[in-house]
Amino acid sequence: MSRLAPYTAVVSARYRNLLQYRAAAFAGFVTQLFWGSIRLMILAAFYAAAEGPQPMNMVEVVAYVWLGQALLGMLPWNTDADFKEQVTSGAVAYDLLRPLDLYGYWYARTLAFRTATTTLRAVPMVVFAMLLLPAFGLAEWALPVPSVTGLIGFLAAITAAALLSTAITVLAHISMLWTLSGEGVDRILPSFVTILSGMIVPLPLFPDWMQPFLSWQPFRGLCDVPYRIYSGNIPITEAANEIAFTLAWTVVIVWFGRFLLSRGVRRLVVQGG
Amino acid sequence: MPRSPLERLEARQGRPYTARPAAARGGQSDGESSMSQIEVRNLAKVFRVAERRAGLLGAFRGLVSRRMRDVHALAGVDFDIERGELVGYIGPNGAGKSTTIKILAGILTPTGGTCTIDGLTPWRDRRRHAARIGVVFGQRTQLWWDLPVIESFELLQRVYRVPEGLFASNRDRMVELLRLGPLLDTPVRQLSLGQRMRADLAAALLHGPKLLFLDEPTIGLDAAAKLAMRDFVRTLNREEGVTVVLTTHDMDDIEALCERIMVIGQGRILIDGGIDELRRRVGNERVLIVDFEEVLRLAALARELDGDGVRDVRVTGKRARIAFDAGVVAPAALIARVTARFEVHDLFVEHPPIEHTVADLYAEHGQGEA
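Reference entry: report on the structure contained in this document. Quick caveat, the model's predicted, so the values are computed rather than measured. (Residues numbered from 1 in each chain as written. Chains lettered and ligands numbered in written order. Predicted model: local features only at pLDDT ≥ 70, side-chain atom pairs only at ≥ 80, totals over all residues. Heavy atoms only, no water.)

### Some thoughts on the overall build of chain B
- Along chain B, the regular secondary structure elements total 13 helices and 13 strands.
- The proportion of buried residues among the 370 residues of chain B is 51%.
- Approximately 17,200 Å² of chain B is accessible, and the part contributed by carbon and sulfur atoms is 49%. (Helix = DSSP H or I, 4+ residues; strand = E, 2+ residues; numbered from the N terminus. Buried < 20%, exposed > 50% of the residue type's maximum accessible area, 1.4 Å probe, protein only. Areas by Shrake-Rupley, 256 points an atom, 1.4 Å probe, with all protein chains shown as cover.)

### Overview of helix 8 (residues 223–240) of chain B
All names here are of chain B.
- The terminal C-alpha atoms of helix 8 lie 25 Å apart, and with 18 residues this matches the ideal 26 Å at 1.5 Å per residue to within 8%.
- What helix 8 keeps buried is the set Ala-225, Ala-228, Met-229, Arg-230, Asp-231, Phe-232, Val-233, Arg-234, Thr-235, Leu-236, Asn-237 and Glu-240.
- The N-capping residue of helix 8, defined by a side-chain oxygen 3.2 Å from the backbone nitrogen of Ala-224, is Asp-222.
- Note on helix 8: the residue one or two positions beyond its end, Gly-241, has a positive phi of about 70 degrees. (Expected span 1.5 Å × (residues − 1). Polar contact = N/O pair within 3.5 Å; in protein donor to acceptor, adjacent residues only side chain to side chain.)

### Here we look at the packing of aromatic side chains
Residue and element names in this part refer to chain A.
- Evaluated as defined, the whole model comprises 16 aromatic pairs over all chains.
- Ring geometry for Phe-154 versus Tyr-230: centroids 5.2 Å apart, planes at 80 degrees, classification edge-to-face. Placement of the pair is Phe-154 in helix 6 (residues 148–179) and Tyr-230 in helix 9 (residues 224–231), with a sequence separation of 76 residues. Both residues of the pair, Phe-154 and Tyr-230, belong to the buried class.
- Ring centres 6.2 Å apart and planes at 10 degrees place the aromatic pair Trp-255 and Phe-259 in the stacked group. Note that Trp-255 and Phe-259 are positioned in helix 10 (residues 236–271) at a spacing of 4 residues, about one turn of the helix.
- Members of the aromatic cluster, joined through ring pairs, are Phe-26, Phe-29, Trp-66 and Phe-128.
- Taking NZ or CZ as reference, Arg-109 lies 5.7 Å from the ring centre of Tyr-105, over its face.
- When the ring centre of Phe-245 is taken as origin, the NZ or CZ atom of Arg-220, which lies over that ring, is 5.0 Å away. (Phe/Tyr/Trp six-rings, centres within 6.5 Å; stacked < 30°, edge-to-face > 60°. Lys NZ or Arg CZ within 6 Å of the ring centre and 35° of its normal.)

### Here we look at unusual backbone geometry
Residues and elements named next belong to chain B.
- If you check the backbone angles, Arg-161 has positive phi at about 50 degrees while not being a glycine.
- Position of Arg-161 among the secondary structure elements: in the loop between helix 5 (149–159) and helix 6 (164–177).
- Using a relative accessible area of 28% as the deciding quantity, one classes Arg-161 as partly exposed.
- At Glu-216, a residue that is not glycine, the phi angle is positive and equals roughly 50 degrees.
- Along the chain, the position of Glu-216 falls in the loop between strand 6 (211–215) and helix 8.
- On the accessibility criterion, Glu-216 (12% relative accessible area) is buried.

### Let's talk about the interface of chain A and chain B
- On the chain B side, the residues contacting the 32 residues of chain A number 28 residues.
- Of the roughly 2,600 Å² buried between chain A and chain B, counting both surfaces, carbon and sulfur atoms make up 56%.
- Summed over the three residues of chain A that lose the most area to chain B, namely A:Leu97, A:Arg98 and A:Pro99, the buried surface amounts to 27% of that side.
- Where chain A touches chain B, the interface holds 1 salt bridge.
- Salt-bridge contacts for A:Arg16 lead to B:Glu151; the nearest nitrogen and oxygen are separated by 2.7 Å.
- Elements represented by at least two residues in the side of chain A that touches chain B include exactly helix 1 (5–18), helix 5 (102–135) and helix 10 of chain A.
- With 8 residues, helix 1 of chain A is the single largest residue contributor to the side of chain A that touches chain B.
- Of the residues belonging to the side of chain A that touches chain B, the class tally is 19 nonpolar, 8 polar and 5 charged. (Contact = heavy atoms within 4.5 Å. Buried area = accessible area lost by both parts, 1.4 Å probe. Salt bridge = Lys/Arg side-chain N within 4 Å of Asp/Glu carboxyl O. Nonpolar A, V, L, I, M, F, W, Y, C, P; charged D, E, K, R; others polar.)

### Focus: the pattern of salt bridges
- Tallying each qualifying case throughout the model produces 26 salt bridges over all chains.
- Overlapping salt bridges, with partners in common, bring together A:Arg220, A:Asp224, A:Arg228 and A:Glu242 in one network.

### Thoughts on the environment of B:Gly96
- Among the structural elements, B:Gly96 can be located in the loop between strand 3 (86–90) and helix 3 (97–105).
- Separated by 172 residues in sequence, B:Gly96 and B:Arg268 place their C-alpha atoms 8.2 Å apart.

### Observations regarding the sheet that holds strand 5 (residues 133–137) of chain B
Residues and elements named next belong to chain B.
- With mixed pairing, 6 strands are arranged side by side in an open sheet as 5-6-7-3-8-9. Looking at strand neighbours, the two that pair on one side only are strand 5 and strand 9 (268–273), the edges of this open sheet. Ignoring strand direction, the axes of neighbouring strands in this sheet form an average angle of 15 degrees.
- Sheet topology note: the strand 5/strand 6 ladder contains 5 bridges and is parallel. Residue pairing for strand 6: Phe-137 is matched across the bridge by Asp-215.
- Along the sheet, helix 7 (residues 193–205) contacts strand 5 and strand 6; its crossing angle with strand 5, the most-contacted strand, is approximately 165 degrees. (Pairing = 2+ DSSP bridges. Axes fitted to C-alpha atoms, helices over the stretch in contact; angles between N-to-C directions.)

### Focus: a nonpolar patch on the surface
- A cluster of nonpolar side chains, contributed by A:Val123, A:Val127, A:Leu131, A:Leu132, A:Phe136 and A:Leu138, occupies part of the molecular surface with about 540 Å² of accessible area.
- Residue position: A:Val123 is located in helix 5. (Patch = residues over 30% accessible without salt bridge, like charges linked within 9 Å, V, L, I, M, F, W, Y side chains within 5 Å.)

### Description of the environment of B:Ala326
- Along the chain, B:Ala326 turns up in the loop between strand 12 (319–325) and helix 12 (331–341).
- If sequence neighbours within four positions are ignored, B:Ala326 has contacts with B:Asn284, B:Arg286 and B:Pro331.

### Structural notes on the pairing of strand 3 of chain B
All names here are of chain B.
- The element strand 3 is extensively covered by neighbouring structure, given that 5 of its 5 residues are classed as buried.
- The side-chain alternation of strand 3 yields two buried faces, one formed by Leu-86, Gly-88 and Ile-90 and the other by Val-87 and Tyr-89.
- Sheet topology note: the strand 3/strand 7 (residues 243–247) ladder contains 4 bridges and is parallel. Paired with Tyr-89 across the bridge in strand 7 is Thr-247.
- Here 4 bridges tie strand 3 to strand 8 (residues 260–265), and the two strands are oriented parallel to one another. Of the residues in strand 8, the one forming a bridge with Gly-88 is Ile-261.

### Structural notes on the side chain of B:Thr248
Residue and element names in this part refer to chain B.
- With respect to the helices, strands and loops of the structure, Thr-248 is situated in the loop between strand 7 and helix 9 (251–257).
- Of the polar contacts made by the side chain of Thr-248, one reaches the backbone nitrogen of Asp-250; its length is 2.8 Å.
- Polar side-chain contacts of Thr-248 include one of 2.8 Å to the side chain of Asp-253.

Structural measurements only, silent on function.
Spelled out as structure tokens, the structure:
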């Protein structure tokens, strides 16, 4: 068996488990449909009133919004309730009974948490936005079919985004070893993650003076990079650089998470389970 | 005809529960076989606990300067456990049992002392150690709550990197011995406590550990489930040579299973020996139970037996319970006195329930619950 076998087994078990929550996924789909429509209307009004050329055209904006609605759950905006329960009850110490690297184990679980429910919601959203909207005569508002290179670049970028998002979520999980409750981190995370990733307003539409900062912060890799590669707003020739940017941030955050966890575990074993 | 797991095991042909070969468990060398399997020396664990001060003012002062108090959960514990032993580890709540088990399992780091298990230090070589041991905590399941039992098992196979053939034979063996067949497709959260404990036991043994820690494995179980659990643990120990360290509050577990008992109180080992040793330490109390041919009056019997060594006499109908100290009056002498005076139908001598013995011991060390 490969060295990774235990971790992939954890991912797949948790993934299958989370796929059970279909009703929640449907509710999420409906909510996100609603918000997607509102965001589109606001941005359309904005474009109608804007003077001069904008950094993204309307087709690119429509793609950006629908992809965001489809993949909202993949943003590191909350923590795993299961994990929270484990920390408050002290059961988290029992994870040390497994012959696994603790960070790897938590990363595997979190990767499933971050992606499983997203898959459930993304599929109907894409079907709706790409296929149903044109059928209703709303082709102008539909998620455009990507070019082949755009699709390939997008798939690579969204995979990198999933790895980055998981690393950030694991960091939030690790912080609970000190705070013992996910309350604080659950309130802080969404406000800056949704803004800095581009989920609220596409990042290119922010003022010019903010662009240098926005282009270097890690959250950009979560939405802005993959969605713009999809629509071709980031040309495919630059895609590799952008994906490398996302992966570099992932490495930094994983490294920091491992460092923090090693201190956290010392604390854990000192205080007892 | 219902048969016990032990009987079924004896009837079984082939398909032995297989421990993993030493090489697969990470280079456990034969050179270590001269050592005890577990060697614990002067093990200490101090927890620092923040003390809360009473009242609002106290709460504010606590914000500025916290008063810390040291709690000595373990204050120098020594013992050796040999391969193939089945050791009962008992003590009142808060005596340090669970702390010891957690240190031995590698999830807690002691403040002082050493512990070597098969050549490894549990908390330093955590991952290698974890792959070699099995642990069951009666108070919480280690199965994945939402997964069917069989999926938990398959996940554990990958987590412990158990080769397919070994996994299949261990799994089938556990399913048979613990009667898990009908439960395999049930999610863990739907199992009864007894079923869950059986599944947990199997889960802890799928990777073929030669050392098993059981922390209160019979807690909350009904009588039948307890008996099944004991049968299984006995089989595992006697037939497979698995070393078992068991903590419990149920003295029947101890009497049924353990040849050796360690009693811990206030962070120290008070007694380490057989059940007889435990009884000797708290006196030689015995109870003589006599069935007379006719109904007796208590006063008559009490008057007749009044004397050295007899502590208590109770009569219900034709039966009398006479508690006495075997160190003062020999059982034979007491029986002779009774049979000389009265028509006796039947009689026998019994030990007092071990619960009393242990409660006495805890009281002696100022750690009783009551």
